[in-house]
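Chain residues, written in single-letter form:
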Amino acid sequence: MTERVATTPGLFPLPDPAKQRLSDLKGHQKGDLISGNESDEIVAVYDEYRTQVITEQVEAGLDRISEGQLRWDDMLAHPLTVHENVETGGIVRYYDNNNFYRDPQVTGELTFSGDVASELDAAAAALAEADSDASLQATLPGPYSLFDLATDEYYGDEESFLDAVSEFLAAEVEAFPAHETLYLLEPSLVENAPGDGLDARASEAIDTVAAATDADVVVQTYFGALSEKVYAHLMDADIEAIGFDIVAGDREQTLYNINEYGTKTAAGLGISNGLNTLVESPETLAERVSWVQNKLPAQEFDRLYLSTNTEPFYLPVNKHLEKLAAVAAAAEIELEEVTA
Amino acid sequence: MSRPAENREQFRPENHENEHFLLTTVVGSYPKPKWLNRADDLAEDAESKFTHEHLHEAHDDACRVITAEHERAGLDTVVDGEMRRNEMVEFFAHRIDGYEFNGPVKVWGHNYFDKPSVSDTVEYDEPWLVDEFEFTRDVASKPVKVPITGPYTLANWSFNEAYETEEELAYELADLVNIEIEKLVEAGAKYIQIDEPALATTPDDHAIVGECLDRIVAGIDEDIRIGLHVCYGDYSRIYPEINDFPIDEFDVELCNGNYEQIDVFTEPEFGPDLALGVVDAHTAEVEPVEEIKKNILQGLKVVPPEKLTISPDCGLKLLPREIAYGKMENMVKAAREVEKELDAGEIDLETPVPLAD
Ligand SMILES: [Zn+2]
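Residues numbered from 1 in each chain as written. Chains lettered and ligands numbered in written order. Predicted model: local features only at pLDDT ≥ 70, side-chain atom pairs only at ≥ 80, totals over all residues. Heavy atoms only, no water.

Looking at an unreviewed UniProt entry, one finds chain B named Methionine synthase, with Natronocalculus amylovorans as its source organism. UniProt annotates chain B under Pathway (unreviewed entry) with the comment "Amino-acid biosynthesis; L-methionine biosynthesis via de novo pathway." For chain B, the Sequence similarities (unreviewed entry) comment in UniProt is given as "Belongs to the archaeal MetE family." (UniProt positions renumbered as here; feature names shortened; annotations may be inferred.)

As recorded by an unreviewed UniProt entry, chain A carries the name 5-methyltetrahydropteroyltriglutamate--homocysteine methyltransferase and is attributed to Natronocalculus amylovorans.

Below is the structure:
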C-alpha cells in the first residue's frame, strides 16, 4: 500500500491585499526588498499573512504545511540575499521565466544566519494554533541550486564555494524547529546541470544538508527531466525521495532514468502544473499518479509526495488555491490497482 | 523574404530640405502627462464622480498633446505615445475574446503583472486600435505609425490553457493581428510596427516569429510599411534569420550597449531596412547632438543611407517627460545634420565610423 502525501514545494504567491500593503510599506526599488532586518510593522504584516496561508493549506486538506516563504522576494536565492556577508547586485533572470531576483554576491564567509529558522518557528507556532493533524514541512534551495543562483567573490573556486553553501545550509537546518519533511528544491540540476566532477559533488552537498535533520528529505527537481548522469549521481545521496516533474514534456526521460537506475522507496511527483492557470481536476491528477506507477511496474513505493511541479508563486492566488485543493483531493482518490 | 522597402519615400515630408532622407520615428510609448495618471486613478475609484467617459476624454486630450509634442520635435512619423495603453499585453488581451484575467503575478520584488490566461479559443471581436488610430490621424499633420504587440509575445506572456502548444496559440493570434492590420489599412494606416520583446528572451523561437509574420502580412499591400521591433537581447541568436522575415524594417536597441553588437548585422548583408536606436531609453540624460550623430554613423556600417531609419532604442515611457522630449528633438537634429553631410559627400560610406586606434 502506497501512502500518498499531499504537499507543495513552498514559495507561495503573496495574497493579493499583501502585495499592495507590503509594497506600500517597503517600496518598489531594489534596495527596498527584504534584507533580514525589516521593521516591526513589516514583520507584523508577514506574520499575519503567514498565518493566513497556513490556514489555507489546512483548509485545502494538505498533509504537510509549508511556511509559504512569502518573505522570499528573491525566490530561492533568499537565504543568501539576506545574509550579512552577501551583497545584492543587479536584477537577473530567474531560470527561463519572466521573473527576476537580486544577484547574491558572496563577499565573505557564509556564517550562520538563522533567518529561515525564525520563519519556521513562527510557522510552527501558527500551525499549533490551527486545528490540524498536518505536520510542518521546511523548504530550502538545494545546495547546488543556491550555488548556481549566486555569484562567488570570496571562496575562489567552484568546489569550495559549493561546499561552503552546503555547510551554510546544514547549519541553518540544525537551527530549525521540529519538522516532518524537508524539501530541497533543485531546479538547477535540470536547468544548468553540473558537469563532470561537480555532479558528484552536488550529490555530496545534498548529503551534507540532509545529515543535519532527522526529517524526511525530498529533493525536488523541476523544469524538466534530469540528465542520466546527474540522476545517477543523485541516487547516491542519502535522502528519502527524489521529486520529479511529471508535467514537463520530457517526462519519458524521467521514466527512463528511473527504469535504468531505480529510485528511492519514496518519490515526489510534481503532477500539477505550477506554471499554468489551467486547474487540473483531482481525477486528472490521480490519473497522472497511476500513469507513473503503471510505467514503472518494477518499482514499489512506500510513499508518494504529490504537489505542483514548480513553486506556485508564478500563479495568481485564486488558481494557486484551487490547485492546492485539487492536489489534496487527488491524494484521497482510490487508484486503480496496479499490477506488477 | 524581405518585402520591397521602397515604401519609405511616402514618409518624406514635402518641405524636406536635404537630398538624403533618414526617416525619423519613435518606438511608441511615451511618459504620460501627470494629470492623466491622476485621471486613471480617479476612474478606478468607485466613489469618485469621474466616469469612464471622462477618462476617454482625458485620453483624447493626452493623445492630442503627445502627438503634437512628437511633431514639435520634428519627427517624420509620429505615435500617440500609447496614452490609452497600460501595459503591452494586458491592453490587447482585454480586446481579444478567449482571454481572461485572474489576478497579478510576481515579476520581481513587489512588481507585478496582470498576466492573462487564454482560457478559450481566441477570436476577433471589435477592432482593437482603429478608433485610436483615426483619432490620432485626424489630429496629426504627419503620418502616424501604429505599434502592435506581436502574437508571439501575446502568447508567450500569457498562460495558455486552451491550445496544445504555445506555437499554435501564436499562429491563431497572428491571424487576428492580420485582421486588425487590414482594418487599420482601410482606415488609412501606412506604417505598422510589430513589437516582439519576448523573442529576445527565447531567441530559438525565431522560426515561430517568422511564421507569425508571414500570417500577419498575408494580403497586406506592399505600400504598407511593416516594421519589427526586438530589444534587449543577443541579436546574434536571431541574425541572419531575420533576413528571411517578411518585413520592411527591423528596429533594434543598440545604443544602450554602446553598439557592441552592431557587427552582428554586417555579415551577411542586412536584408530589410535598419531602424537603429540612437538614444538610450534607460538613461535620464539627453544625449548631445554630436554624440547622436556618431551613433547614426554606426548604422551606416550596416545599411546605406536610403535604408536607414532613426529611432530611440525603445519606448520612452520610463523617462521624465522633458528628457524624453529632449532626446527626440536632438535625435531629429542629428539626423538632419547627418543628411546634410551626406549630401555634401562629407561622410565616407565605406568606413563611416573612424577606426579605433
Ligand atoms: Zn523595446
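Read on for the rest.
Our focus in this paragraph is the overall build of chain A. Across its full length, chain A carries twelve helices and eleven strands. Against the globule reference of 20 Å for 340 residues, chain A gives a C-alpha radius of gyration of 19 Å, in line with a compact fold. Projected onto its principal axes, the C-alpha coordinates of chain A cover approximately 55 × 45 × 35 Å. In chain A, which comprises 340 residues, the proportion classed as buried is 60%. Restricting the contact set of chain A to residue pairs at least 6 apart, pairs at least 24 apart contribute 79%. For chain A, the accessible surface area stands at approximately 12,800 Å², while carbon and sulfur atoms represent 43% of it. Charge-centre separation for chain A: the mean point of 19 positive side chains lies 6 Å from the mean point of 64 negative side chains. (Helix = DSSP H or I, 4+ residues; strand = E, 2+ residues; numbered from the N terminus. Rg over C-alpha atoms; globule rule 2.2 N^0.38 Å. Buried < 20%, exposed > 50% of the residue type's maximum accessible area, 1.4 Å probe, protein only. Contact = heavy atoms within 4.5 Å. Areas by Shrake-Rupley, 256 points an atom, 1.4 Å probe, with all protein chains shown as cover. Lys, Arg positive; Asp, Glu negative; His and termini not counted. Charge placed at Lys NZ, Arg CZ, Asp CG, Glu CD.)

What follows concerns a negative patch on the surface. On the surface, a cluster of negative charge is contributed by Asp97, Asp120, Glu123, Asp125, Glu126 and Asp131 of chain B. Mapped onto the secondary structure, aspartate 120 of chain B falls in strand β5 (residues 116–123). (Patch = residues over 30% accessible without salt bridge, like charges linked within 9 Å, V, L, I, M, F, W, Y side chains within 5 Å. Salt bridge = Lys/Arg side-chain N within 4 Å of Asp/Glu carboxyl O.)

The next subject is the packing of aromatic side chains. Here a ring pair, both rings aromatic, is described through the centre-centre distance and the interplanar angle of the planes. In the structure shown here, the tally under the stated rule is 23 aromatic pairs over all chains. Look at tyrosine 231 of chain A and phenylalanine 244 of chain A: their rings are 5.9 Å apart centre to centre, the planes differ by 45°, and that puts the pair in the tilted class. Taken together, the residues span a long stretch of sequence, with tyrosine 231 of chain A in helix α9 (residues 228–234) and phenylalanine 244 of chain A in strand β9 (residues 241–245) at a distance of 13 residues. Assigned by exposure class, tyrosine 231 of chain A and phenylalanine 244 of chain A land together as buried. Through a chain of ring-to-ring contacts, three or more aromatic side chains come together here, namely Tyr94, Tyr95, Tyr101, Tyr222, Phe223, Phe313 and Tyr314 of chain A. Over the ring of phenylalanine 313 of chain A we find lysine 106 of chain B; its NZ or CZ atom is 5.7 Å from the centre of that ring. Against the face of phenylalanine 159 of chain B rests lysine 115 of chain B, its NZ or CZ located 4.2 Å from the ring centre. (Phe/Tyr/Trp six-rings, centres within 6.5 Å; stacked < 30°, edge-to-face > 60°. Lys NZ or Arg CZ within 6 Å of the ring centre and 35° of its normal.)

What follows covers the packing of helix α2 (residues 52–72) of chain B against helix α4 (residues 130–139) of chain B. Axis angle and axis distance: for two packed helices, these are the angle between their axes and the distance between the axes, and together they describe the pair. Residues and elements named next belong to chain B. The N-to-C vectors of α2 and α4 enclose an angle of 45°; their axes lie 10 Å apart at closest approach. The angle between the axes of α2 and α4 places the two elements in the oblique class. Two packed elements cross with a definite hand, and for α2 against α4 that hand is right-handed. Along the contact surface, α2 presents Asp60, Cys63, Arg64 and Thr67, while α4 presents Phe135, Thr136 and Val139. (Axes fitted to C-alpha atoms, helices over the stretch in contact; angles between N-to-C directions. Parallel < 35°, antiparallel > 145°, perpendicular 65-115°, else oblique. Left-handed = near helix turned anticlockwise from the far one by under 90°.)

Another aspect to go through is empty space enclosed by the protein. The final tally for this structure, using the stated rule, is eight cavities of 30 Å³ or more. Each pocket or cavity is described by its volume, and for the largest cavity that value is around 160 Å³. Together, 18 residues line the largest cavity, and Phe12, Pro13, Leu14 and Phe313 of chain A together with Lys106 of chain B are the ones closest to its centre. In this structure, the second largest cavity spans a volume of roughly 80 Å³. Considering the residues around the second largest cavity, the lining is formed by Val79, Asp80, Arg85, Leu129, Glu132, Phe133, Thr136, Val144, Lys145, Val146 and Pro147 of chain B. (1 Å grid on protein atoms, 1.4 Å probe; cavity = no way out; pocket = protein on both sides within 12 Å on 5 of 7 lines; lining within 4 Å. Points joined across faces, edges and corners; volume = space filled by probe spheres on them.)

This part covers the coordination of the zinc ion. Residue and element names in this part refer to chain B. Coordination of the zinc ion by the protein involves His229 (NE2), Cys231 (SG) and Cys314 (SG), with metal-donor separations of 2.1 to 2.3 Å. Each donor residue of the zinc ion belongs to the same chain, and together they define the spacing H-x1-C-x82-C. Of this pair, cysteine 231 sits in the loop between β9 (225–230) and β10 (249–252) while cysteine 314 sits in the loop between β12 (308–311) and α10 (321–343), and the two are 83 residues apart along the sequence. Each member of the pair, cysteine 231 as well as cysteine 314, carries the same accessibility label: buried. (Donors = N, O, S within 2.8 Å, 3.2 Å for Na, K, Ca; no water.)

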